[in-house]
Amino acid sequence: MLTIGDKIPKFNATIDNNQTFNFTDTLGQNLVLYFYPKDNTPGCTKEAIGFSVLAEAFSAENTMVIGVSRDSVKKHLNFICKHNLGIHLIADEDGAICKLFDTWIEKQMYGKSYMGIERSTYLIDTDAKISRIWRKVKVNGHVEEVLGAVQDLNCLLYTSDAADEGLGVDLG
């Protein structure tokens, strides 16, 4: 299981515009990788819209936001157009990325077991290391919490970089 401080596993994926996304494309910027069960369901829609509304704030913090579900590229395009989303979505149809990030789990509903995606978010820093993990995410307030964590991470990076360059920042 991945933990804070681990480098993320290498992966390539198809994103909503049918292009290949490689995690190395994000080196030098932060990455919010959020996993959600299914396009066009109430909680997933609310979360995607929330990340889209704050997309400029994440971008201003040198952070790319990408959602991951097992939906197809076609379903993602429909989801993006229907809700005017401003983020990219990975089509993990075979579940390989969900398995890499331990989000493909056994769930229970009405006494029945089934496999599905656990709503989870990973904050990955500029060196591809996991800075923060949220499991069993509740949608309300989550996007704002993630943005706050990105701002905190950038503040730490800035303070650390300034100290490394002898800019007179006292770390303590």
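In the block above lies the structure referred to throughout.
As a starting point, this report considers the structure included with it.

This next bit is on the packing of aromatic side chains. Here the distance between the centres and the angle between the planes together describe a pair of aromatic rings. One pass over the full model with this rule turns up ten aromatic pairs. Between Phe35 and Tyr122 the ring centres are 6.0 Å apart and the planes differ by 75°, which places this aromatic pair in the edge-to-face class. Here Phe35, found in strand β3 (residues 30–35), pairs with Tyr122, found in strand β8 (residues 120–124); they are 87 residues apart in sequence, far enough to count as distant. In this pair, the class of Phe35 matches that of Tyr122, namely buried. Ring plane angle 50° and centroid distance 5.7 Å describe the contact between Phe51 and Phe58, whose orientation is recorded as tilted. Of the two residues, Phe51 and Phe58, both sit in the buried class.

A few words on helix α1 (residues 42–53). The end-to-end C-alpha distance of α1 is 16 Å, a good match for the 16 Å that twelve residues give at a rise of 1.5 Å each. Residues Cys44, Thr45, Glu47, Ala48, Gly50, Phe51 and Ser52 constitute the buried set of α1.

This paragraph deals with the nonpolar core. Formed by 23 residues in total, the largest nonpolar core has its most connected members in Val32, Tyr34, Phe51, Phe58 and Leu89. Mapped by element, the contributors of at least two residues to this core are β3, α1, α3 (73–83) and α5 (142–164). If one sorts the elements of this core by residue count, α5 sits on top with six residues. Those residues in contact with Phe51, other than ones at most four positions away along the chain, are Val32, Tyr34, Phe58, Val65, Ile87, His142, Val143 and Val146. Counting residues in hydrophobic clusters, the runner-up holds 21 residues, among them Phe35, Ile97, Cys98 and Ile117.

Here we come to the environment of Cys81. In this structure, Cys81 sits in helix α3. Residues Cys81 and Trp104, 23 residues apart in the sequence, show an inter-C-alpha distance of 27 Å.

Turning our attention to α3. When we look at burial in α3, the residues that qualify are Val73, His76, Phe79 and Ile80. Taken down its axis, α3 places every buried residue within 120° of arc, on the same side. Within α3, the exposed residues directed more than 90 degrees away from the buried face are Lys74, Cys81 and Lys82. Where α3 is buried, its residues touch β1 (12–15), α1, β4 (63–69) and β5 (88–91). Once α3 ends, the next one or two residues include Asn84, with phi positive near 50°.

This part is about the sheet that holds β4. As summarised here, the arrangement of the seven strands in space is β2-β1-β5-β4-β3-β8-β9, forming an open sheet in which the pairing is mixed. At either end of the open sheet lies a strand with only one pairing partner, and these are β2 (20–22) and β9 (130–134). Here the strands of the sheet are splayed against their neighbours by 30° on average, with no regard to which way each runs. In terms of strand pairing, β1 meets β5 through two bridges, oriented antiparallel. Counted as the bridge partner of Thr14 is Ala91 from β5. The sheet strands contacting α1 are β3, β4 and β8, and the helix crosses β3 at an angle near 165°. Those strands touched by α3 are β1, β4 and β5, and its axis lies near 160° from that of β5.

Rules behind the numbers
- Residues numbered from 1 in each chain as written.
- Predicted model: local features only at pLDDT ≥ 70, side-chain atom pairs only at ≥ 80, totals over all residues.
- Heavy atoms only, no water.
- Phe/Tyr/Trp six-rings, centres within 6.5 Å; stacked < 30°, edge-to-face > 60°.
- Helix = DSSP H or I, 4+ residues; strand = E, 2+ residues; numbered from the N terminus.
- Buried < 20%, exposed > 50% of the residue type's maximum accessible area, 1.4 Å probe, protein only.
- Expected span 1.5 Å × (residues − 1).
- Core = buried A, V, L, I, M, F, W, Y, C linked by side-chain atoms within 4.5 Å.
- Contact = heavy atoms within 4.5 Å.
- Arc of directions from axis to C-beta.
- Pairing = 2+ DSSP bridges.
- Axes fitted to C-alpha atoms, helices over the stretch in contact; angles between N-to-C directions.

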